[in-house]
Amino acid sequence: MAGGDELKVLGVWTSPYVIRVRVALNLKSLPYEYVEENLGSKSALLLASNPVHKTVPVLLHGARPVNESQVILQYIDEVYASTGIPSLLPTDPHERAAARFWAAYVDDKIGSAWQGMLFTCTTEEERAEAVARAVAALETLEGAFEECSKGKAFFGGDAIGFVDVVLGGYLGWFGAVDKMIGRRLIDPARTPLLARWEERFRAAEAAEGVVPDDADKMLEFLPTILAWINAPKSK
Ligand SMILES: N[C@@H](CCC(=O)N[C@@H](CS)C(=O)NCC(=O)O)C(=O)O
């Protein structure tokens, strides 16, 4: 392996995409170096490792970069497949296809609502519209949870799997939005299965110290992200 076998993650602590990769590495007990990026002044390593999108996360395996969080999750699954570490994706091809479908759904619907609720809305009406889209998507995911988990603790069954880490990455921001709007996005009355799933996911060892639980700290960081987004793009 060029540059050794060490793993390094370039990330930002609040990013749902980064968080899911870190939870996956923790689940697999893989040691890695974590490097916090300043997206207002991206490192030369980030720009060289992800020249197409220039986004985090980047996983460096030795000297070789892997980009795009869902691609990284699948890469980790494949590289460490023979180590006895449980796979994030199911082994059955149909169940695997379903997990990929729902993970894509999460980033499409929840991801765009997340952007709308926090970063692109310019009025309270726009925020409320984005919140409504998030809530509608979560109600659909409540049904997906029932189908995928088959009555077990996680989308992945007894253990945290692909859809769990993909959705779980957003939980820190859900907490911050809850505080902002004064009610819960994952409402135990409307989505009881997901509400219990959230508790289990947050309590998992792999999520500890990675899935943010301090809504105030997230909200304090929001202006920094808005400044990054609104800065003229030089790189
Ligand atoms: N589809 C990408 C999204 C990554 C992404 O948008 N990351 C944001 C941080 S949350 C980023 O690096 N933004 C910097 C930029 O767009 O310049 C993935 O899943 O990895």
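Anything mentioned here points back to the structure above.
A short tour of the structure in this document, coming up.

Conventions adopted
Residues numbered from 1 in each chain as written. Predicted model: local features only at pLDDT ≥ 70, side-chain atom pairs only at ≥ 80, totals over all residues. Heavy atoms only, no water. Helix = DSSP H or I, 4+ residues; strand = E, 2+ residues; numbered from the N terminus. Rg over C-alpha atoms; globule rule 2.2 N^0.38 Å. Contact = heavy atoms within 4.5 Å. Areas by Shrake-Rupley, 256 points an atom, 1.4 Å probe, with all protein chains shown as cover. Pairing = 2+ DSSP bridges. Axes fitted to C-alpha atoms, helices over the stretch in contact; angles between N-to-C directions. Phe/Tyr/Trp six-rings, centres within 6.5 Å; stacked < 30°, edge-to-face > 60°. Buried < 20%, exposed > 50% of the residue type's maximum accessible area, 1.4 Å probe, protein only. Lys NZ or Arg CZ within 6 Å of the ring centre and 35° of its normal. 1 Å grid on protein atoms, 1.4 Å probe; cavity = no way out; pocket = protein on both sides within 12 Å on 5 of 7 lines; lining within 4 Å. Points joined across faces, edges and corners; volume = space filled by probe spheres on them. Nonpolar A, V, L, I, M, F, W, Y, C, P; charged D, E, K, R; others polar. Salt bridge = Lys/Arg side-chain N within 4 Å of Asp/Glu carboxyl O.

### Looking at the overall build of the protein
Along its length, the protein carries nine helices and four strands. In summary, the protein has a C-alpha radius of gyration of 18 Å against a globular reference of 18 Å for 235 residues, a match within 12%. Judged by the C-alpha coordinates and their principal axes, the protein covers about 50 × 45 × 25 Å. Sequence-distant contacts in the protein: of pairs separated by 6 or more residues, those separated by 24 or more amount to 68%. On the protein, roughly 11200 Å² of surface is accessible, and the fraction owed to carbon and sulfur atoms is 55%.

### Concerning the sheet that holds strand 3 (residues 58-61)
With mixed pairing, the four strands of this open sheet are ordered in space as 2-1-3-4. Edge positions in the sheet fall to strand 2 (33-36) and strand 4 (64-67), since each has one partner strand and no second. Across the sheet, the mean angle from the axis of one strand to that of its neighbour is 20°, orientation sign disregarded. Note that strand 1 (residues 7-11) and strand 2 share four bridges and pair parallel. In the strand pairing of strand 2, L10 is matched with V35. Against the sheet, helix 1 (residues 16-27) engages strand 1, strand 2 and strand 3, with an angle of about 155° to strand 1. Against the sheet, helix 3 (residues 69-79) engages strand 3 and strand 4, with an angle of about 125° to strand 4.

### Digging into the packing of aromatic side chains
Counted by the stated rule, this structure contains 13 aromatic pairs. Between W102 and Y105, the aromatic rings sit 5.3 Å apart at their centres with planes inclined by 75°, giving edge-to-face as the arrangement. Pair noted here: W102 and Y105 are both in helix 4 (residues 93-120), with a separation of three residues, about one helical turn. With respect to burial, W102 and Y105 carry one shared label: buried. Arranged with centres 5.8 Å apart and planes meeting at 85°, the rings of F221 and W228 form a pair that is edge-to-face. Each member of the pair, F221 together with W228, is buried. Put simply, the rings of Y17, W114, F119, Y170, W173 and F174 touch in pairs and so form one group of aromatic residues. Over the aromatic face of Y34 sits the side chain of R22, whose NZ or CZ is 3.6 Å from the ring centroid. The side chain of K217 reaches across the aromatic face of W13, ending 4.7 Å from its centre.

### What to know about the layout of surface pockets
In this structure, the largest pocket encloses a volume near 800 Å³. Lining the largest pocket are 29 residues, and of these L39, K42, K54, T55 and I229 sit closest to its centre. Among the elements that take part in the lining of the largest pocket, helix 4 stands out by supplying four residues, more than any other. Counted by class, the lining of the largest pocket contains 14 nonpolar, 10 polar and five charged residues. In this structure, the second largest pocket occupies an estimated 400 Å³ of space. Lining the second largest pocket are 23 residues, with P90, E95, C148, F155 and G156 positioned closest to its centre.

### Considerations on the pattern of salt bridges
Taken as a whole, this structure holds 12 salt bridges when the rule is applied. Here K150 makes a salt bridge to E95, at a shortest N to O gap of 3.1 Å. With K150 in the loop between helix 5 (124-149) and helix 6 (162-168) and E95 in helix 4, this residue pair connects regions lying 55 residues apart in the sequence. Residue class for K150 comes out exposed when judged on its relative accessible area of 57%. Since its relative accessible area comes to 36%, E95 is described here as partly exposed. Between D187 and R190 there is a salt bridge, and its shortest N-O distance comes to 3.7 Å.

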